[in-house]
There are 2 protein chains.
Amino acid sequence: MRITTRGRYGLKAMVELALAFGQGPISLKNIAANQEISEYYLEQLMGSLRKAGLVKSARGAQGGYELARAPSEISSGDVLRAVEGPISPVECIDENGCREPCEKIDLCSTRLLWLRMHEQLNKVLDSTTLEDLRAEAERLAPQS
Amino acid sequence: MRITTRGRYGLKAMVELALAFGQGPISLKNIAANQEISEYYLEQLMGSLRKAGLVKSARGAQGGYELARAPSEISSGDVLRAVEGPISPVECIDENGCREPCEKIDLCSTRLLWLRMHEQLNKVLDSTTLEDLRAEAERLAPQS
DNA sequence: CTTAAATCAGAGGAAATTAGTCGGAATTGG
DNA sequence: CCAATTCCGACTAATTTCCTCTGATTTAAG
């Protein structure tokens, strides 16, 4: 029941971009160095984030990435889902309800628990925005 | 961010035992057949549940497993933690707070999110008991 | 125009985790 | 005794995760 490095690295990178929002693009190299993440690996993650429409990229010299919209308009759920796929405790419950229903779905009493977990989890993910995390970062390391 | 088969199978087995609570031990073979789980694999899981003090076992002929206490006194968190280990979105946050703090813990702004997830997740796990799931099972398949 | 700095795309591979199997020892009711 | 059952630990196969690499494309700056 763990978020993988994709989610952890992806979110850290996005907080980094949130801190620099409005100041033009930041290169992969910079983000990777700041967060001590493999540059090649982060490249993959940024690809997912771009395809999900969460970041804009600028190619070529002086290029890089920047948030596609304000930090307050991007939830941590948006980010995690983009890099990790649906955040759900079991396969048969995802954002769309039930993608591949188990055969005995009507007889699956444990489903009750999975639904509760899914609901609470996504409530947190959708209500915590990059702005919240950016503010937290500034609180922890003032005017850096 | 998924519960593995250990958690899914383990919980299903425990609901099975909850349905038969007070009627003497049930054999691994029976549980495995009912839930369509590998007998050998389930054997491992029952071992974890026994070591966690959630089930009592009886060896020899006519032996088997039964809940160590009433279904209302066993939470789904007890079960999942016994078979899956700590239920936490990231390694640095578990039941004991912070086992292996990341170096930059004071600068880890994403920790805010992980804490919120951890809190809500465990709130659900601790408040949903085997009695809740047993009742759900009866509701779905009356007097079977 | 050339060049260096970047992103983009996708293949591939090592390591870790998960899922499942198995053989044999120990225990116990009939 | 015997058959049914749990107990224990090792082992293997499959899957997933994590990361690396190569080459192509784009673009700002000199």
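Look up: the structure comes first, before these words.
What you see is a predicted model; the values in this text were computed from it and never measured.

Participant: Is there a simple way to explain the overall build of chain A in this structure?
Facilitator: Each helix and strand in chain A was counted, giving six helices and two strands. Scanning chain A from its N terminus toward the C terminus, one meets helices and strands in the order α-α-α-β-β-α-α-α. For chain A, with 144 residues in total, the buried portion stands at 46%. Contacts spanning at least 24 positions in sequence make up 64% of the contacts within chain A whose residues lie at least 6 apart.

Participant: I keep staring at the relation of the copies chain B and chain A and nothing clicks. Help me out?
Facilitator: The second copy of the chain is related to the first by a rotation about an axis and a shift along the axis. Of the two same-sequence chains, chain B is brought onto chain A (RMSD 0.0 Å, axial shift 0.0 Å) by a rotation of 180°. Viewed as a symmetry operation, the transformation between the two copies matches a two-fold axis. By C-alpha distance to the rotation axis, the residue of chain B lying nearest is Met1 of chain B, at 2.5 Å. Looking at chain B, 100% of its interface residues are interface residues in chain A too, so the copies touch through the same face.

Participant: Even after reading the chapter, I still don't get the protein's contact with DNA strand D, so can you show me in this structure?
Facilitator: Taken together, 24 residues surround DNA strand D, and among them Ser38 of chain A together with Leu28, Glu43, Arg50 and Ser57 of chain B come closest. A share of 63% is what sugar and phosphate atoms reach among the atoms of DNA strand D within 4 Å of the protein. The side chain of Gln44 of chain A places a nitrogen or oxygen atom 2.8 Å from a base oxygen of DNA strand D. Within the surface near DNA strand D, the residues separate by chemical class into eight nonpolar, 11 polar and five charged.

Participant: Would you mind going over the protein's contact with DNA strand C with me for this structure?
Facilitator: Near DNA strand C there are 23 residues, and of these Leu28, Glu43, Arg50, Ser57 and Tyr65 of chain A occur at the shortest range. Considering the 4 Å shell around the protein, atoms of DNA strand C inside it are sugar or phosphate in 64% of instances. In the environment of DNA strand C, a base nitrogen lies 3.4 Å from a nitrogen or oxygen atom belonging to the side chain of Gln44 of chain A. Listing elements by their share of the surface near DNA strand C, those giving two or more residues are α3 (39-51), β1 (55-58) and β2 (64-67) of chain A together with α1 (5-19) and α3 (39-51) of chain B. Taken together, the residues that form the surface near DNA strand C break down as eight nonpolar, 10 polar and five charged.

Participant: For this particular structure, what's the right way to read the interface of chain B and chain A?
Facilitator: Frequently, the measure chosen for interface size is the accessible area removed from exposure when the parts meet. Each partner contributes to the interface: chain B provides 40 residues, whereas chain A provides 40 residues. In terms of surface lost to chain A, no three residues of chain B exceed Met1, Arg2 and Leu113 of chain B, which account for 20% of the buried area on that side. At the junction of chain B and chain A, the tally comes to zero salt bridges. Where chain B packs against chain A, one counts six residue pairs in polar contact (both at pLDDT 80 or more). Listing elements by their share of the side of chain B that touches chain A, those giving two or more residues are α1, α4 (76-84), α5 (111-127) and α6 (130-140) of chain B. It is α5 of chain B that provides the largest number of residues to the side of chain B that touches chain A, a total of nine residues. Its residues assigned to classes, the side of chain B that touches chain A comprises 22 nonpolar, seven polar and 11 charged.

Participant: Explain the environment of Gly60 of chain B here, please?
Facilitator: Take Gly60 of chain B: it is sitting in the loop between β1 (55-58) and β2 (64-67). Placed 34 residues apart in sequence, Gly60 of chain B and Asp94 of chain B show a C-alpha to C-alpha distance of 38 Å.

Participant: Would you take a moment to explain the packing of aromatic side chains for this structure?
Facilitator: Each aromatic ring pair is specified by the distance between its two centres and by the angle formed by the two planes. Residue and element names in this part refer to chain A. Applying the stated criterion to the full structure yields two aromatic pairs over all chains. For the pair Tyr9 and Tyr41, a centre-to-centre distance of 5.9 Å together with 85° between the ring planes defines the contact as edge-to-face. With a gap of 32 residues between them, Tyr9 in helix α1 (residues 5-19) and Tyr41 in helix α3 connect regions that are remote in the sequence. The exposure class of Tyr9 is partly exposed, given its relative accessible area of 23%.

Participant: Help me understand the pattern of salt bridges in this model?
Facilitator: Side chains that differ in charge, positive against negative, can pair when their charged atoms come close. Residues and elements named next belong to chain A. On inspection of all chains with the given rule, the structure shows 10 salt bridges over all chains. The residue Arg134 makes a salt bridge to Glu131 at a minimum N-O spacing of 2.7 Å. Within this pair, Arg134 and its partner Glu131 are both found in helix α6 (residues 130-140), separated by three residues, close to a single helical turn. A residue is classified by how much of its surface remains accessible, and Arg134, at 17% relative accessible area, is buried. One continuous salt-bridge network, built from bridges that share partners, spans Glu131, Arg134 and Glu138.

Each value, and the rule that gives it
Residues numbered from 1 in each chain as written. Chains lettered and ligands numbered in written order. Predicted model: local features only at pLDDT ≥ 70, side-chain atom pairs only at ≥ 80, totals over all residues. Heavy atoms only, no water. Helix = DSSP H or I, 4+ residues; strand = E, 2+ residues; numbered from the N terminus. Buried < 20%, exposed > 50% of the residue type's maximum accessible area, 1.4 Å probe, protein only. Contact = heavy atoms within 4.5 Å. Least-squares fit on C-alpha atoms with pLDDT ≥ 70 in both. Near = heavy atom within 4 Å. Polar contact = N/O pair within 3.5 Å; in protein donor to acceptor, adjacent residues only side chain to side chain. Nonpolar A, V, L, I, M, F, W, Y, C, P; charged D, E, K, R; others polar. Buried area = accessible area lost by both parts, 1.4 Å probe. Salt bridge = Lys/Arg side-chain N within 4 Å of Asp/Glu carboxyl O. Phe/Tyr/Trp six-rings, centres within 6.5 Å; stacked < 30°, edge-to-face > 60°.

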